[in-house]
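# A closer look at the structure
One letter stands for each residue in the lines below.
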Amino acid sequence: MTSIKTPKKLIEVALPLDKINEAAAREKSIRHGHPSTLHLWWARRPLAAARAVIFAQMVDDPASVPEEFPTPEAQERERQRLFRLLEQLVQWENTTNEEVLESARREIRRSWARHCLGAAAARLSDDEIVAAINAGRMPALPGFHDPFAGGGALPLEAQRLGLETYASDLNPVAVTINKAMIEIPPRFAGYEPVGPLPPGERQATLHADWSGAKGLAEDVRRYGAWMRAEAEKRIGHLYPRVKVTSEMAADRPDLKPLVGQKLTVIAWLWARTVKSPNPAFADVDVPLVSTFILSSKAGKEAYVEPIILGGRASRPPQVAGETPALPGTPALPGYYFTVKVGKPPESAKNGTKLARGANFRCLVSGAPIGDAYIKAESLAGRMGERLMAIVAEGPRGRVYLPPTEEHERIARSAQPLWKPDQPMNRDTRDLVSGRGYGFFTWADLFTPRQLVALTTFSDLVAEAIEKCRRDAIAAGLPDDGVGLDASGTGALAYAQAVGVYLAFAVDKGANYWSSLCSWHSGRDTVTSTFGRQALPMVWDFAEANPFSNSSGNLLSGCEQAAKLLTNLKSPSNGLALQSEAQSQTVSHNKIISTDPPYYDNIAYADLSDFFYVWLRRMLKPIFPGLYATLATPKTEELVATPCRHGSREKAETFFLEGMTQALENLARQAHPAFPITIYYAFKQSETESDGTTSPGWETFLEAVLRAGLAITGTWPMRTEYTGNLKKATNALASSIVLVCRKRAADAPVITRREFLRELNATLPEAMEEMINPGGAGVPPASGNSQDGRALRHSPVTPVDLSQAIIGPGMAIFSRYAQVLEADGTPMTVRTALQLINRFLTEDDFDYDTQFCLHWFEQHGWATGKFGEADVLARAKATSVDGLREAGLVAAGKGEVRLLRWPELPAKWSPKTDSCASVWEALHQLIRALNQGGESAAGALLARMPSRAEPIRALAYRLYTLCERRGWADDARPYNELVAAWSGIEQVAGAARVAYSQMKLDV
Ligand SMILES: C[S@@+](CC[C@H](N)C(=O)[O-])C[C@H]1O[C@@H](n2cnc3c(N)ncnc32)[C@H](O)[C@@H]1O
């Protein structure tokens, strides 16, 4: 065997980015069989992106194999063939399509054979390559490693592509998720289920297909059903059905047909309470309710109506023999809750809330209740809760009922025998414990009944494991006593494997069974604890019934795990282990694709303790080392959290040093034949107005460079998985995949002047190529390759432009050992980014456009002072009067504002207005597009062909500006114009041909 060369990989040259992005976006709506349904993890990468990146990182670019593809045409043909395969490969439907996956594996093996055997590889068929590997004439493919494995998207995809796969993470919850995805399924592939069929189910076992992890999946389902049945025997009395009484139906005709029926409860809706701040009502527990709306679905509206009783508290009218619809404690209440159907009054919308945050009013006295009062009350242990409504399963959908005394009493009667009393971090606002509301331990996030349910279910996991072990022995599995952690494959290990997925189902339950779950009135459902990457306060919460058939029931967690397992084929082995990225030794000679934490974006360790405290109870006997500590490790977590490190500066230093160490570590060990791919996800707010220079991004790039890596390509990808996240302001917006190689040991040092010269020589063309792909005769693809040439199928969208431009810029910067400033100091990444970003902000528009642009930057469409406009106009060699006459601004009463496109003259012609500014031309084009579609915009553009490029450049510029400022509505027309640009140009081109034809004909 001779090791010959390291060809460039496809990802270093070209990618069908638009297809990958499309598939990644589609994947967000996949609910069944997706790893995200197995266990929550934050900021998961879509599988499509992960698969495409790993594939393209391992497969040669045809231009690097001239002996097989000698001409540019042959190379392009081959590239297109690989693109077509990639396009197939990223489709969700093909995640289980062995034919497509095997084609991808073949390409990977072929590139590997070229690496090992050189030109001789071309003469070998795939079977011969496999035979050569099996006979030891060629080394096996290197393994894959992701040292920040998280929710496991990257390792799972590497395994699917046939690589022996290693996943490590500092966090035990993440490690367990990876075990469940890549380690356990192949170990028990082909096992038949051993559990008893749930009552009422029949299965012809003889004919069943138990290939892959299907048998394991079936056992997860069976023991899950057993657990639920057992739990119902033990704690079912705490989850009573609710009887519809004639009293409830008195003014609710919708309930009349249900009177006397007992309905399964979906959720009990509670309001937190504090004592009224009004001394006259000091013993009344008043509710803190963010909304009284229960359902806002059209035609099915329902809401809570609080009835305030005159004078002191009393009870609502009672009907003999029926449960009084009233909270129980006799000394209370001053009010009670009823539930109404029909259009809610406006006042119901905001509950008892007065303003954002912890600002409420006392329901009985109207006195304001502020944040400080609520905090003091809760710290003094006087925060309680009152049952506000009950949601039940009716014959035709949800039924909303008033609270009953009996149901409140039963809930309060629950007495947990165990609770997770590990302290919560009280220094971070990411957790409710850091917000001063009297949450001290993880147990405080659960009602007593929820604690009883969770302890019961977690005890049952241990019982299910024992039961499964006995069943497995009876079914013939070896009774070898070797557990999962010791690589066992016998009865004990198998039972423990089943237990891991059952524990995940309980965890999934926990996500729906805390007092931080709210009721979603738009979707009529319980929302999970983690609606976003934080645990904020929830004032009125929903307590889901684990025994219902709706969201938050135990079996759905088991079914989802089973579904995922059924879909996993796992063609190779996997290993997941706990390791700190700064010092891990797993990467040795491995292919690396990884997705490190993003500066301060997500506090993984703090958040994951929510699950850890329950998993530890269930899984410590199985993984004693992994679950040894009381909480997840925090100290070495690479997250720049000031609360952990003392100050913002110290947090930044910690992140920079730790990340540099981690990247150095993996760069040192990585297999030299392959580039390393690293994801970085942006928050929308990270793109600042002076360019893409946020501390997170800057610090991260600094670490990449310090680790001795050179950037050989960058790919802006829409890889964020926002799934069911609320529209959180800090949701990940998009990511950039950095393709890196080790920087040459003898990389030269250059000066700032030389750096600028290279930027000037490279960036304008690269940017033009991004906006106008293929214009310069470059083959189609997408993104930025090593030499700064942008190759793509489709134009880079405006939103990605500021990130995309970093690729070629940083490729230059990172190629050198240092870029020296005039005073001999090394240039910082910040300065480099600013210099690169300048290429986006350069403007050589006409004076009126320059005025409008700068005014827009300052004021948007709002009004500003005349004096200010006058100064700016003079600076731009124009005048406010001239701008008004040109129809660009409205001026009067000492104020000036820009006219929006709908206000511009309707009958506008570039011919008559021949000196019109690019600003006006652009906004007239937007008007035409909005009113007459691409054909009208194209016809208009045909009449001003020389303006096309400046118009488009200005649209990009304005889009980027609006996006950076968070002006989403203002950004839309510019984005729409750019998106429609090629269509508009086509129409314009056709119109021009028709016009010249007409002239010829004449
Ligand atoms: C962005 S997430 C990975 C997400 C993953 N790619 C996915 O698709 O789910 C980053 C991961 O880095 C882990 N992490 C943070 N600090 C670490 C360290 N020092 N060593 C190893 N892992 C660490 C976190 O626990 C988290 O799971």
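Above: the structure in question.
Conventions used here
- Residues numbered from 1 in each chain as written.
- Predicted model: local features only at pLDDT ≥ 70, side-chain atom pairs only at ≥ 80, totals over all residues.
- Heavy atoms only, no water.
- Helix = DSSP H or I, 4+ residues; strand = E, 2+ residues; numbered from the N terminus.
- Core = buried A, V, L, I, M, F, W, Y, C linked by side-chain atoms within 4.5 Å.
- Buried < 20%, exposed > 50% of the residue type's maximum accessible area, 1.4 Å probe, protein only.
- Contact = heavy atoms within 4.5 Å.
- Phe/Tyr/Trp six-rings, centres within 6.5 Å; stacked < 30°, edge-to-face > 60°.
- Lys NZ or Arg CZ within 6 Å of the ring centre and 35° of its normal.
- Pairing = 2+ DSSP bridges.
- Near = heavy atom within 4 Å.
- Polar contact = N/O pair within 3.5 Å; in protein donor to acceptor, adjacent residues only side chain to side chain.
- Areas by Shrake-Rupley, 256 points an atom, 1.4 Å probe, with all protein chains shown as cover.
- 1 Å grid on protein atoms, 1.4 Å probe; cavity = no way out; pocket = protein on both sides within 12 Å on 5 of 7 lines; lining within 4 Å.
- Sits in = over half its atoms within 2 Å of the grid points.
- Bend = angle between axes of the 7 residues up to and from the residue.
- Salt bridge = Lys/Arg side-chain N within 4 Å of Asp/Glu carboxyl O.
- Points joined across faces, edges and corners; volume = space filled by probe spheres on them.
- Nonpolar A, V, L, I, M, F, W, Y, C, P; charged D, E, K, R; others polar.
- Axes fitted to C-alpha atoms, helices over the stretch in contact; angles between N-to-C directions.
- Parallel < 35°, antiparallel > 145°, perpendicular 65-115°, else oblique.
- Left-handed = near helix turned anticlockwise from the far one by under 90°.

## Considering unusual backbone geometry
Even without being glycine, Asp524 reaches a positive phi, approximately 55°. Structurally, the position occupied by Asp524 is in the loop between β15 (519–520) and β16 (525–526).

## Brief notes about the nonpolar core
With 257 residues, the main nonpolar core has Ile374, Leu445, Tyr494, Phe755 and Met810 as its most contacted residues. Sorting elements by how many residues they give to this core places helix α12 (residues 491–512) first, with 15 residues. Excluding residues within four positions of it along the chain, Phe755 makes contact with Ile750, Gly809, Ile812, Phe813, Val819, Met827, Ala832 and Leu835. Within the second largest apolar cluster, 49 residues are counted, among which are Leu853, Phe856, Trp919 and Leu929.

## Structural notes on the packing of aromatic side chains
Counted by the stated rule, this structure contains 35 aromatic pairs. Between Tyr598 and Tyr680, the ring centres sit 5.7 Å apart and the planes meet at 80°, which makes this aromatic pair edge-to-face. Highlighted residues: Tyr598 in the loop between β19 (591–594) and α14 (604–619) and Tyr680 in strand β20 (residues 676–683), separated in sequence by 82 residues. For Tyr598, a relative accessible area of 3% gives the class buried. Judged by relative accessible area, Tyr680 falls into the buried class, the value being 0%. Taken together, the ring pairs in this structure connect Trp41, Trp42, Trp418, Trp442, Phe446, Phe530, Tyr604, Phe610, Phe611 and Trp614 into an aromatic cluster. Sitting over the face of the ring of Trp268, Arg449 holds its NZ or CZ atom 4.0 Å from the ring centroid. Directly above the aromatic system of Tyr166 lies the positively charged group of Lys590, at a separation of 4.6 Å from the ring centroid.

## Describing the sheet that holds strand β12 (residues 368–369)
The three strands lie next to each other as β10-β11-β12, forming an open sheet whose pairing is antiparallel. Of all the strands in the sheet, the pair left with one neighbour each is β10 (353–355) and β12. Here β10 pairs with strand β11 (residues 359–361) via two bridges, running antiparallel. When the bridges of β11 are listed, Ala355 appears paired with Asn359.

## Quick word on the site of the ligand
Taken together, 26 residues sit near the ligand, with Arg45, Gly151, Asp169, Ala581 and Asp595 positioned nearest. Gly151 has a polar backbone atom sitting 2.8 Å from an oxygen atom of the ligand. Relative to its unbound accessible area of 600 Å², the ligand is 100% covered by the protein chains. In this structure, the ligand is accommodated by the largest cavity.

## A few points about the pairing of strand β17 (residues 540–544)
Burial analysis of β17 places five of its five residues in the buried class, the great majority of the element. In terms of strand pairing, strand β5 (residues 265–275) meets β17 through five bridges, oriented antiparallel. Bridge pairing in β17 places Trp268 opposite Glu543.

## A word on the pairing of β19
Neither face of β19 is left uncovered, since the one carrying Ile591 and Ser593 and the one carrying Ile592 and Thr594 both have all their residues buried. Alignment of strand β1 (residues 144–146) against β19, held across two bridges, turns out to be parallel. Among the inter-strand pairings, Phe144 is bridged to a residue of β19, identified as Ile591.

## Here we look at helix α7 (residues 172–187)
If you look at α7, its biggest bend is around 45°, right at Lys179. Extensive coverage of α7 is indicated by the burial of 16 of its 16 residues. Two or three places before Val173, at the opening of α7, Asn171 has a side-chain oxygen 2.8 Å from that residue's backbone nitrogen.

## What about the pattern of salt bridges?
All chains considered together, the criterion is met by 50 salt bridges. The partner of Glu903 in a salt bridge is Arg897, and the shortest N-O contact between them spans 2.8 Å. Here Glu903 falls in the partly exposed class, since its relative accessible area comes to 35%. We classify Arg897 as partly exposed; its relative accessible area is 26%. A single network of salt bridges, built from pairs that share partners, joins Glu98, Glu102, Arg105, Arg109 and Asp126.

## A word on empty space enclosed by the protein
Under the criterion given, the structure shown has three cavities of 30 Å³ or more. Of the volumes computed, that of the largest cavity is approximately 340 Å³. Its residues assigned to classes, the lining of the largest cavity comprises 16 nonpolar, six polar and eight charged. Its boundaries defined by the atoms lining it, the second largest cavity holds a volume of some 40 Å³.

## As for the packing of helix α8 (residues 214–235) against helix α11 (residues 448–474)
Two elements in contact, α8 and α11, have axes separated by 9 Å at closest approach and are oriented at 135°. By the angle class used here, α8 and α11 are oblique. Both α8 and α11 take part in a crossing whose hand is right-handed. In this structure, α8 contributes Tyr223, Trp226, Met227, Arg228, Glu230, Ala231, Arg234 and Ile235 to the contact, and α11 contributes Val452, Ala453, Thr456, Phe457, Leu460, Val461, Glu463, Ala464, Lys467, Cys468 and Asp471.

## Examining the side chain of Lys9
Along the chain, the position of Lys9 falls in the segment before α1 (17–27). Within the structure, Lys9 has its side chain in polar contact with the backbone oxygen of Met58 (distance 3.4 Å). Contact partners of Lys9, with chain neighbours within four places excluded, come to Ala56, Gln57, Met58, Val59, Asp60, Asp61, Ser111, Ala673, Phe674, Pro675 and Arg741.

## Considering the sheet that holds strand β9 (residues 335–341)
Strand order in the open sheet formed by three strands is β7-β8-β9, and the pairing between neighbours is antiparallel. Where the open sheet ends on each side, the last strands, each with one partner, are β7 (293–295) and β9. Each neighbouring strand pair of the sheet contributes to a mean axis angle of 30°, computed without reference to strand direction.

## Some details on the environment of Phe530
Within the secondary structure layout, Phe530 lies in the loop between β16 and β17. Given a relative accessible area of 2%, Phe530 falls into the buried group. On a C-alpha basis, the gap between Phe530 and Leu607 in space is 9.0 Å, while along the polypeptide they are 77 residues apart. Discounting residues that sit within four places of it in the chain, Phe530 has contacts with Leu40, Trp42, Asn511, Leu535, Leu607, Phe610 and Phe611.

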